[in-house]
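# Observations on the model geometry
Below are the chains, spelled out letter by letter.
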Amino acid sequence: MLALAGASLAVYRRLGLSWASADEARRSQDRETQVYAMDALAARTADAGEPDAARALLAAADELAATIRHLVDDPDRIDARRARAVIAAAP
């Protein structure tokens, strides 16, 4: 999956994250759901103390979101904002 770029699969396994929704969205080419799924994964990853993995997920989500601005606005991306806040607050 594109969002795994720069992120460790072991991180996701350790967190017990399910890729089912994100994978299904990718297979069906539902880009809006992909963005929200990557945002949610980024937030959980940031909460788990993995800022580099969270940044990689956010970068992938940002890139995809830029192609569907008519569907996804920044204010809609609540999990992305939370992930960024956690990353910014990290020591």
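The structure presented is a predicted model; accordingly, all values stated were derived computationally and were not measured.

### Considerations on the pattern of salt bridges
Inspection of the entire model under this criterion finds seven salt bridges. Of the charged contacts in the structure, one is a salt bridge between D62 and R77, with a shortest N-O distance of 2.9 Å. Here D62 is found in helix 4 (residues 51-65), whereas its partner R77 is found in the loop between helix 4 and helix 5 (78-89), with 15 residues between them in sequence. Here the salt bridges do not stand alone but share partners, grouping D39, D62, R77 and R84 into one network.

### Thoughts on the packing of helix 3 (residues 31-47) against helix 5
Across the interface, helix 3 lies against helix 5 with an axial gap of 8 Å and an inter-helix angle of 25°. Classed by the angle they form, the pair helix 3 and helix 5 counts as roughly parallel. Note on packing geometry: the crossing formed by helix 3 with helix 5 is left-handed. Residues D39, A40, A42, A43, R44, A46 and D47 of helix 3 lie in contact with helix 5, whose contacting residues are D79, A80, R82, A83, V86 and I87. Looking at side-chain class alone, the contact of helix 3 with helix 5 contains eight nonpolar, no polar and five charged residues.

### Structural notes on the environment of L57
Mapped onto the elements of the fold, L57 is located in helix 4. For L57, a relative accessible area of 0% gives the class buried.

### Looking at the environment of R31
Structurally, R31 can be placed in helix 3. Through-space distance from the C-alpha of R31 to that of I68 is 7.6 Å; in sequence the pair is 37 residues apart. Those residues in contact with R31 that lie beyond four places of it in its chain are L64, T67 and I68.

Thresholds, definitions, all that
- Residue numbers run consecutively from 1 along every chain, following the written order of its sequence.
- In view of the model being predicted, local features appear only for residues whose pLDDT reaches at least 70, and side-chain atom pairs are presented and counted only at 80 or more, with totals across whole chains, interfaces and linings using the full set of residues.
- For the side-chain quantities, the full set of heavy atoms in the structure was used; hydrogens and water were omitted.
- Salt bridge, as used here, is a side-chain nitrogen of Lys or Arg placed within 4 Å of a carboxyl oxygen of Asp or Glu.
- Helix and strand assignments follow DSSP, with helices taken as H or I runs no shorter than four residues and strands as E runs no shorter than two, numbered in order from the N terminus.
- The axes are straight lines fitted to the C-alpha atoms, using for helices just the contacting stretch, and the angles between their N-to-C directions are given from 0 to 180°.
- Any angle from 65 to 115 degrees is called roughly perpendicular, while one under 35 is roughly parallel, one over 145 is roughly antiparallel, and all others are oblique.
- In this scheme the crossing of two helices becomes right-handed for a clockwise turn of the near helix relative to the far one and left-handed for an anticlockwise turn of less than a right angle.
- Working rule for contacts: check all heavy atoms of both residues, and any pair within 4.5 Å makes them a contact.
- For this scheme, ten residues count as nonpolar: Ala, Val, Leu, Ile, Met, Phe, Trp, Tyr, Cys and Pro. Four count as charged, namely Asp, Glu, Lys and Arg, and the remainder, Gly too, count as polar.
- Accessible area is worked out with a 1.4 Å probe on protein chains only. A residue is then buried under 20% of its type maximum, exposed over 50%, and partly exposed in between.

Keep in mind these numbers describe shape, not what the thing actually does.
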